[in-house]
Amino acid sequence: MTSQPQRRPQLPRRAVLGTALGGAAAAALPGTAHAEAQAEAPMSAQGPAQKPWKLRDTMNTDGAWSRFLRGQDLLWTRLPTLWYEGPFLGDGQLGSMIYQEPGANQIRFTVQHGRVQDHRPEFGSGWGTCRLPVGHLTLEPAGTITALDWRLSLWNAELTGTVTTTAGTLTLAALIHDEVLAVRVTAAGGERAGWTFHPEEAISPRKISEAPPADYTANPPWTTRTAIDGTEQVLQPLTGGGQTATAYRRTGNDLLLSVGHSHPSDTAAEADSLRNLGRAKSYSALRQRHTGWWHEFYRKSFVSFPDQRLQSFHWIQLYKVASASRAGGPVMATSGPWLEPTPWPAVWWNLNVQLEYWLIHGFNHPELDSLATTLRQNQEQLIANVPAAYRADSSGVGRSSDMFANRTVGRPGTGAETGDLTWALHNVWLSYRHSMDKSLLRDTVYPVLRRAINYYLHFLTPGSDGKLHLPSTLSPEYPVVPPQDTNYDLALIRWGCQTLLDSAELLGVDDELKPRWQEVLAKLTPYPVDDNGFMIGGDTPYAQSHRHYSHLLMVYPLYLVNWDQPGNRDLITKSIVHWHALTGAHRGYSYTGAASMYAMTGDGDTAITYLRKFFDPATRYPCRANTHYTEAGPVIETPLSASQSLHDMFCQSWGGVIRVFPAVPTAWADLTLHNFRTQGAFLVSAVRTAGTTRFIRVKSLAGEPLKLRHGLTGHLTAVLDDGTPARTHDLGDGTLAIDLPRGREVLVHTGSRPDLSIAPVAVSEPGPAWGLP
């Protein structure tokens, strides 16, 4: 590649508009040329200058936030007996679930860490590079537990409450911050607080479902020691090199614990765990830093809608993802940092990782994106994952891996699953599009995607029809392998080639592969389609129930085939209906995926109907009491994707157009969004009352072109923050192009200037708190 002088970034047109289609699924976006011509025409200011305006944010005080989030808290009036019933704490690395010690009059605080893993890749991700358990604490009261009253405060990210026993009362508070679990327990009456730390065997949690591989050697036993200051340490050496160290000390009513993990060093973890404890002088000192971080965190965005149960769920997912992930930390495994017995103690790349991170964008929290940092930091491993013959120009990752993406990928033509890295890069591209951070595009998306698509290009071959075809690959997780042209891969190839072309233009790179990418887009075989919609692949219909929507990626989340293309609407509808008509294999994310697809069509009532299936106790795998989810083991992605389904109802920004309230269920007459982040790096605030949008405010963080599908009727007013009219142009179809410079805000409304208050909406659908209230 040779560098060219950099140009001012322009909105990638074809990739963002999603017109890279083929065959039966190909359709030019109606009105595209006309809309672009209009958008490029001079825009003029409209109307006289007005008074400057400013939103009245009623959520600008700690008191307002504390009151609002208190209404979303999880509550317990009986002791949880399972991990998916109890409170959970985390800081993106260290995690703890709190529930009854099985078969005992004790309370378990699990101690698990996202970096703690084995380091023997020869045994695969399930055993050799899997996440490893650390241990758990037990709180052991003197009397028999008879009652409890707990609250998991979202605002403070802290568990507080009481445990009543036959001997007295224990008052507890617990949090995790800076890799330290801190618990304060005060005893009253004849009660006392006893603590024991139980190290757990450093063996794969997969042992619940299968025996270890042949020649597998168990890790050595742990050892313990006590420091001069009374700090206890448990040291766990690993056969593959490295160490896990757990340090804890009890001072008065406070217990502080930290976990360190090192590799290849056999000793660094010891110092890390002690250093973490040294920074935490007491529960009170740690709590002050902890609550300061969380209070600042929540203020970055706000959403309120009238369904109490779902609104609470939505805010709990934001708390959950911030407890499970931070940029620079470990990429989330299937259970996040809360490891429990599971057949999936690793990172899964064929759906789980992708769904885990979507919600961070709309919530305006790019600082939680450990997926993007994982791919940036492990590019050499991604190269090593492909067969040696292709390492000069290709990269990939297999279905599951450790936190370093260490897992080989199979070859097309062998029925292997080969597209997972490309799909994960779509997530990183979304991070770029929501931030417009060109370094993310230059250092991660472009170089890694170039290599991921190159891997495909080695295997594309022309057929007798003159089209390029891909030999057999697997559509996750369909049980039949198409002989060729798997839709999962065709969609990813189309998206990848178009994104590389647009990225090269944005970065000013004259890439020698541009003609090849253009050729692929022109000649790639159409998506296989039959009377029921999108097939799994060539000669392979969707004929048996399938929990995954791998064959529908071109619809969601890639939006290559979308509702703005009227010629494809029937195909989209048939495909979704047929996918869900074959029942039996569907799981929680089958419902959240359908909800997001129907939200794309603008059908909020059908979208919420599918989403509610995930919360229906009659569903085979419903959302659990603490909003976590389990199948054969913990899987964190599905509840997080349910929050993205809500985002897709509230605001969408695919295709270079911001759509405000595109699929709000009819029952939700009132809705407030504030600082919702969209592609193009815009912050959207909007208020809907009595079923009508009252105003939309958009702030530009990057100066990108703004196209707003506003949903307003009547004469529009668009005014900048200083009161001057905005330069606008009507693109038709309810879409307004607005000239909005970087750092400026525009207010759009009809009629006289409305009340510009940002405030919670009244609950019209009451529901119980999450937890065990």
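Tallying secondary structure elements over the protein chain gives 19 helices and 37 strands in all. Relative to the compact-globule value of 28 Å for 773 residues, the protein chain shows a C-alpha radius of gyration of 27 Å, a close match. The principal-axis extents of the C-alpha atoms in the protein chain amount to approximately 80 × 65 × 50 Å. A total of 773 residues make up the protein chain; the buried ones form 63% of that total. Restricting to contacts in the protein chain with at least 6 residues of sequence separation, those with at least 24 account for 68%. Between the mean site of the 67 positive side-chain charges and the mean site of the 70 negative ones, the protein chain shows a separation of 4 Å.

Of note, Ser-757 is situated in strand 36 (residues 757-758). Here Ser-757 falls in the buried class, since its relative accessible area comes to 11%. In this structure the side chain of Ser-757 is engaged in a polar contact, spanning 2.8 Å, whose partner is the side chain of Arg-56. Within the local environment of Ser-757, its side chain forms a polar contact with the side chain of Asp-755, the two groups lying 2.7 Å apart. In this view, Ser-757 contacts Arg-56, Val-687 and Phe-695; residues no more than four positions away in its chain are not counted.

Once that is clear, we can look at the sheet that holds strand 30 (residues 692-700). Taken in spatial order, the six strands make up an open sheet running 18-28-29-30-35-32, and their pairing is antiparallel. Since the sheet does not close on itself, it has two edges, and those belong to strand 18 (302-304) and strand 32 (716-720), each with one partner. Within the sheet, the average angular offset between the axes of one strand and its neighbour, ignoring direction, is 20°. Judged from the four bridges that link them, strand 30 and strand 35 (residues 745-750) form a sheet pairing that is antiparallel. Looking at strand 35, one finds that Arg-697 is bridged to Leu-747.

Okay, the packing of aromatic side chains next. The full count for this structure, using the stated rule, is 45 aromatic pairs. Judged by centre distance (5.4 Å) and plane angle (70°), the ring pair of Trp-127 and Tyr-216 falls under edge-to-face. Here Trp-127, found in helix 4 (residues 124-128), pairs with Tyr-216, found in the loop between strand 13 (193-199) and strand 14 (223-226); they are 89 residues apart in sequence, far enough to count as distant. Tyr-216 carries the same exposure label as Trp-127, and that label is buried. Pairing Tyr-527 with Phe-534 gives two aromatic rings, centres 5.8 Å apart and planes at 85°, and the pair type is edge-to-face. On the basis of relative accessibility, which here comes to 2%, the residue Tyr-527 falls in the buried class.

This part covers the environment of Ser-312. On the secondary structure map, Ser-312 appears in helix 7 (residues 308-324). On a C-alpha basis, the gap between Ser-312 and Leu-69 in space is 8.3 Å, while along the polypeptide they are 243 residues apart. Look past the residues within four positions of Ser-312 in its chain and what remains in contact with it is Gly-71, Gln-72 and Trp-770. Only 2.8 Å separates the side chain of Ser-312 from the side chain of Gln-308, close enough to count as a polar contact.

Rules and cut-offs
- Residues numbered from 1 in each chain as written.
- Predicted model: local features only at pLDDT ≥ 70, side-chain atom pairs only at ≥ 80, totals over all residues.
- Heavy atoms only, no water.
- Helix = DSSP H or I, 4+ residues; strand = E, 2+ residues; numbered from the N terminus.
- Rg over C-alpha atoms; globule rule 2.2 N^0.38 Å.
- Buried < 20%, exposed > 50% of the residue type's maximum accessible area, 1.4 Å probe, protein only.
- Contact = heavy atoms within 4.5 Å.
- Lys, Arg positive; Asp, Glu negative; His and termini not counted.
- Charge placed at Lys NZ, Arg CZ, Asp CG, Glu CD.
- Polar contact = N/O pair within 3.5 Å; in protein donor to acceptor, adjacent residues only side chain to side chain.
- Pairing = 2+ DSSP bridges.
- Axes fitted to C-alpha atoms, helices over the stretch in contact; angles between N-to-C directions.
- Phe/Tyr/Trp six-rings, centres within 6.5 Å; stacked < 30°, edge-to-face > 60°.

The values are spatial; any link to function lies outside them.
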